[in-house]
Amino acid sequence: MSTTIEQPRQFCTLGGQQSVVAIERAVPIVHGGPGCSNKLFGGMAFFNGFQGSGYAGGNAVAGTNSCEKDIVFGGEARLREVIDGALKVMDGDLFVVLTGCTADLVGDDTATVVSEYRERGVPIVHASTGGFKRNNYHGHELVVEAIIDQYLEPAPQIIPNLVNVWSVLPYQDTFWAGNLQAIRQLLEGLGLQANILFGHDSGGIDAWKKVPAAAFNIVLSPWTGLSIAKKLEQRFGTPYLHYPVLPIGAVETSQFLRVVGDFAQLQNKDVDRYIEKQEAYFYHYLDRSADFFMEMRWDLPARFINISDSFYSLGISRFLVNELGLKPGRQFITDNPPEEYREVLAGQFAKLAEKVSAEVTFTHDGGEIGSALRRETFDQPPLIIGTSWDRDLAKQIGGYHLSIALPITDRLVLDRAYVGYAGGLRLVEDIYAAVLITY
Amino acid sequence: MALVNLANSNIQTREQRLGSIISYEGNAADLAQLSRDGQLRDRTRSFTQISSCASSCAICLLSLIQDAAVVNHAPLGCAADFSMFNLVNRYGQFKRGISPANAHLVSSNLTETDAVFGGIAKLEQAVRDAHTRFNPKAIFITASCASAITGEDIDAVSDSLEIELGIPVVTVHCEGFRSKVWTTGFDVAYHAILRKIVKPPQTKRPELINIITFWGDDVFTELFSKLGLVANFIVPFSNIEQISRLSESGATVQMCSTLGTYLAAGLESIHGVPEIKAPPPYGLAGTDAWLRALGRVVHKETEVEALISSERAAIADELSELRKELKGLTGYVAAGSVHGHSLASVLRELGMNVAGGCFWHHDPKFDNEDPKADSLEHLVKSYGDFPVSICNKQSYEVVNQLRRFKPDVFIVRHPGMAVWGGKLGIPTFLVEDEHFGLAYRGLLRFGRKIVDAVNNPSFYQHLAKHTRLPYTDWWLRQGSTTFLGAEE
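Analysis parameters
- Residues numbered from 1 in each chain as written.
- Chains lettered and ligands numbered in written order.
- Predicted model: local features only at pLDDT ≥ 70, side-chain atom pairs only at ≥ 80, totals over all residues.
- Heavy atoms only, no water.
- Helix = DSSP H or I, 4+ residues; strand = E, 2+ residues; numbered from the N terminus.
- Rg over C-alpha atoms; globule rule 2.2 N^0.38 Å.
- Buried < 20%, exposed > 50% of the residue type's maximum accessible area, 1.4 Å probe, protein only.
- Contact = heavy atoms within 4.5 Å.
- Patch = residues over 30% accessible without salt bridge, like charges linked within 9 Å, V, L, I, M, F, W, Y side chains within 5 Å.
- Areas by Shrake-Rupley, 256 points an atom, 1.4 Å probe, with all protein chains shown as cover.
- Salt bridge = Lys/Arg side-chain N within 4 Å of Asp/Glu carboxyl O.
- Domains from an automatic or database assignment.
- Buried area = accessible area lost by both parts, 1.4 Å probe.
- Polar contact = N/O pair within 3.5 Å; in protein donor to acceptor, adjacent residues only side chain to side chain.
- Nonpolar A, V, L, I, M, F, W, Y, C, P; charged D, E, K, R; others polar.
- Phe/Tyr/Trp six-rings, centres within 6.5 Å; stacked < 30°, edge-to-face > 60°.
- Lys NZ or Arg CZ within 6 Å of the ring centre and 35° of its normal.
- Core = buried A, V, L, I, M, F, W, Y, C linked by side-chain atoms within 4.5 Å.
- Expected span 1.5 Å × (residues − 1).
- Arc of directions from axis to C-beta.
- Pairing = 2+ DSSP bridges.
- Axes fitted to C-alpha atoms, helices over the stretch in contact; angles between N-to-C directions.

The next thing to look at is the overall build of chain B. What chain B contains, in helices and strands, is 21 helices and 15 strands. Computed over the C-alpha atoms, the radius of gyration of chain B is 22 Å, within 12% of the 23 Å expected from 2.2 N^0.38 for a compact globule of 488 residues. Dimensions of chain B along its principal axes, counting C-alpha atoms only, are 65 × 60 × 45 Å. Put simply, chain B has 488 residues, and 64% of those count as buried. Contacts in chain B between residues far apart in sequence, at least 24 positions, make up 74% of those at least 6 positions apart.

On the surface, Met296(A), Leu436(A) and Tyr439(A) cluster together to form a nonpolar patch covering roughly 290 Å² of accessible area. Within the element layout of this structure, Leu436(A) appears in helix α18 (residues 420-436).

Residues and elements named next belong to chain A. On domain assignment, one finds that chain A holds domain 1 (13-150) and domain 2 (284-437). Of note, the centres of domain 1 and domain 2, computed from C-alpha atoms alone, are 34 Å apart. With nine residues of domain 1 at the interface, the matching set in domain 2 holds 13 residues. If you sort the residues of domain 1 by the area they bury against domain 2, Gly49, Phe50 and Tyr137 come out on top, with a joint share of 52%. In this structure, the connection of domain 1 to domain 2 is made through zero salt bridges. Here domain 1 and domain 2 share five residue pairs in polar contact (both at pLDDT 80 or more) between them. Contributing elements (two or more residues each) for the side of domain 1 that touches domain 2: α2 (36-46) and α7 (136-150). Of the residues that constitute the side of domain 1 that touches domain 2, the class distribution is four nonpolar, five polar and no charged.

What follows covers the packing of aromatic side chains. All names here are of chain B. Under the defined criterion, the tally for this structure stands at 35 aromatic pairs over all chains. Here the aromatic residues Phe47, Tyr396, Trp474, Trp475 and Phe483 are joined through ring pairs into a cluster of three or more. Its guanidinium or amino end placed over the ring of Phe429, Lys449 lies 5.2 Å from that ring's centre, counting from NZ or CZ.

With that settled, the discussion passes to the interface of chain B and chain A. Of the residues lining the interface, 71 residues belong to chain B; the matching set on chain A comes to 65 residues. Taken over both partners, the interface formed by chain B and chain A buries close to 5,200 Å², and the fraction arising from carbon and sulfur atoms is 60%. For the pair chain B and chain A, the interface holds five salt bridges. Among the salt bridges present, the one from Lys39(A) reaches Asp81(B), with a minimum N-O distance of 3.1 Å. Across the contact surface, chain B and chain A share 33 residue pairs in polar contact (both at pLDDT 80 or more).

Turning our eyes to something else, we now look at the environment of Asn161(A). All names here are of chain A. Secondary-structure assignment places Asn161 in strand β6 (residues 159-166). Residues Asn161 and Leu79, spaced 82 residues apart in sequence, show a C-alpha to C-alpha distance of 41 Å. Residues in contact with Asn161, not counting those within four places in the same chain, are Gly191, Leu192, Gln193 and Ala215.

Further remarks concern the nonpolar core. Judged by nonpolar contacts, the single largest core of 164 residues is most densely connected at Phe140(B) and Ile450(B). If one sorts the elements of this core by residue count, helix α19 (residues 439-455) of chain B sits on top with nine residues. Once you skip the residues sitting within four places of it in the chain, Ile450(B) turns out to touch Leu326(B), Leu347(B), Leu350(B), Met352(B), Val409(B), Ile411(B) and Phe429(B). Among the nonpolar cores identified, the runner-up in size contains 117 residues, and Ile23(A), Ala229(A), Leu345(A) and Val428(A) belong to it.

Attention shifts here to helix α8 (residues 154-165) of chain B. Residues and elements named next belong to chain B. Its 12 residues place the ends of α8 16 Å apart at the C-alpha level, agreeing with the 16 Å of an ideal helix rising 1.5 Å per residue. Those residues of α8 that fall on the buried side of the exposure criterion are Ile154, Val157, Ser158, Leu161 and Leu165. Burial along α8 is one-sided: seen end-on, the buried residues are contained in an arc of 100 degrees. Remark: Gly166 follows α8 within two positions and exhibits a positive phi of approximately 75 degrees.

Attention shifts here to unusual backbone geometry. Of note, the amide linkage connecting Leu406(A) to Pro407(A) takes the cis form, showing an omega dihedral of -5 degrees. Looking along the chain, the bond that leaves Ile234(B) and enters Val235(B) is cis, with omega of -10 degrees. With respect to the secondary-structure elements, Val235(B) resides in the loop between β8 (230-234) and α11 (240-244). The backbone phi angle of Glu369(B) is positive, close to 55 degrees, even though this residue is not glycine. Summarising the element assignment, Glu369(B) is placed in the loop between β11 (353-359) and α16 (375-383).

Residues and elements named next belong to chain A. If you trace the five strands from one edge of the open sheet to the other, you get β12-β11-β10-β13-β14, paired in parallel fashion. Two strands bound the open sheet, and with one partner strand each, they are β12 (360-362) and β14 (400-403). On average, each strand axis in the sheet is inclined to that of its neighbour by 15 degrees, with strand direction left out of account. Across two bridges, the pairing between strand β10 (residues 304-308) and strand β11 (residues 331-333) is parallel.

It is worth spelling out the pattern of salt bridges at this point. Residues and elements named next belong to chain B. Taken as a whole and judged by the stated rule, the model has 55 salt bridges over all chains. Among the ionic pairs, Arg205 bridges to Glu248, the shortest N-O distance being 3.3 Å. Here Arg205 is found in strand β7 (residues 205-212), whereas its partner Glu248 is found in the loop between α11 and β9 (249-254), with 43 residues between them in sequence. Arg205 gets classed as partly exposed once you look at its relative accessible area, which sits at 22%. Taking the relative accessible area as the measure of exposure, Glu248 reaches 3% and is therefore buried. It is possible to trace a salt-bridge network through shared partners that takes in Arg14, Arg17, Asp187, Asp363 and Asp367.

So this is what it looks like as structure tokens:
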């Protein structure tokens, strides 16, 4: 397998800066070269559904813009200057210093510099996110873990029904804002209080301060965020529930809610009542448009092919198989999951339904994905559910195409969600819009 | 001229070659004078927001060459701007009637292991993959902070793979930390082109005029056809064969010396292609001077005078209407150096006031060292003085100034900065097409655009009412130079 990456769909550790931007009134400070932060803003936010600067992102991010002098003589003094200025200029509740390749390669002691401020009572933490280390899925975890380790204090008492949600990555998931809101609404539907921590109206540092007070954590994710939950269990003794499938549509969402209900020891009848109402809503629309599904699916994608991270590839595959009755082609997982999770993930695709399985390839190289798919033959046009990179590929193999993952430059994304009951309906609408617009 | 040393894969940065600065606050006339006298010194800035780096500028230009490929030898985050250049590529292809296709870009994806043990094998693999996948006519390898700090010998890879693959393989030294001025990235990209792509002339094509530009609409072909000249746009949307013959052209013109200074001077010094030394072709005075300078070099003085008269006559009535409509309005301009001077000229030509200008850096001279190309001095002489600040996209300073100057319209050339005008409720637009206000007819286009922007400000008004700036009240009460320190 080649080590080359064409058409990147994830970036470096420093991409964790976008998780900071997603926390209300948090201010990122990047200790790195002059271009890193701006490139990552472009790749993760702007050219990804045209998510914008937000509050303190984009060109508002404070940064040291390390130059040759800082490489040769060290950049700690420059970092102090920039933190000093940021504390005066930037109106923030939490400051997060993130390092780039330069600072980490030359060995600046960023942790010590930042801890000096913390000792003076400044709400500031540091994450060592030198780009060469790992990808931005880990960068996200490093940012969260830095806040847990360096900022949070044990809670005097647990707030019953309070649940922290660790799920899709801010900005990396183009639909994160809508998805997290949708997850909150679902959990609230069960009577829980969901602490989603990122995005509009998520509560900023007050919400983060409540993290240790949660009754439990939910990791709604194939693998990202598990290390966060384990850290919280270790540090504050908070139990966690790991539900590895992003719930899209009625079947998966209802199952998710039942598992949560059991874990939280909620009354079955309350959970059932909520699920019943939501399912009635969801199936009303499928039922109303059943004519379409009977009559207009003659050019239905014969096979769907996901090219996306493990959140979406697994979540969408299960939705399309178990709800819409579609058949999967080969699936590509692009978030480079650590080895220890790959077998489990592949196993989930091997048993999507009783008689339905899909082969999985772990790669984030668009070149490899393209050459694999160009070798295949399709009886009818396949549907590629991937990124804007994949438009040319879809055309080459005569398929339909929908962008749902980074980078998205052929759609504007505001608050759309694919998670939950309503999210499933949105995905069905978008998939068939992608098919119908072809004619 | 000692400017271009083709034996060396690297060149000096802008600050080393030209004395470029990124910090200044004062007025345009003083800045021009200090530049001319060689007295300009940069100042330190203690608090900074993130800037941009040379790597983006280099990758942008090179990835838009239609039959080349770019290999970024870096961790994957340095490839986060690939999707931007891909969209620029597809949009440009669409506008030119070419079927949109993905740009030819790969990353060697340096990781922690490579930082310790070296990533040369991955670079070789990436270059070979780029060759197999795209069948390019040339491959450019762009360096990164990480590849430089770990001491990767990219030049050795370029040299050996060039022989193996039989196409030019060229190192581009665009490491982010090397220069505080991101436009150094243009210079190193052009240096790569001059070193290994441009060939000595086989013939001379005096009618062909090299136009160093980005991706703007073609406003030159028609203009030049009236002079019997042919427009040769470089380097975005050109190809390697076309670039290899740049030495055969009759002259090189630029719409922005910030972009083209090194290539224009290099083509003249190495291959004798005359560079047209003139202010940029924006505003009547600049366009007249630019055309006359071109006319002198290509011996078309009479044709140029006729063209100037007819173009001026063609726009006279509407220009006068626009001037009436825009009279009394103030604009604030934020853009990369010379293009900022051009936008300010356009506003003044349209009868507007320029409340101020913020330029991302300033070059006190260009590589041709010719005062006739001094766009700032031209601007001051033609249209008068105005307040100027130089900052490398420091949005906290720009917000501070916009609140102070309260312009009627904010005009920006660089992604990521327009939003701050909008959040303040100021009608704001981004000049995506750098040719939009160019020459005579561009004045009219630009004027109509401003009229549209100021006549329906509803979007900006609502935005301002419902947004919250990330800046403290303390900062918004300070002068914008608070964090500028001593001269370096």
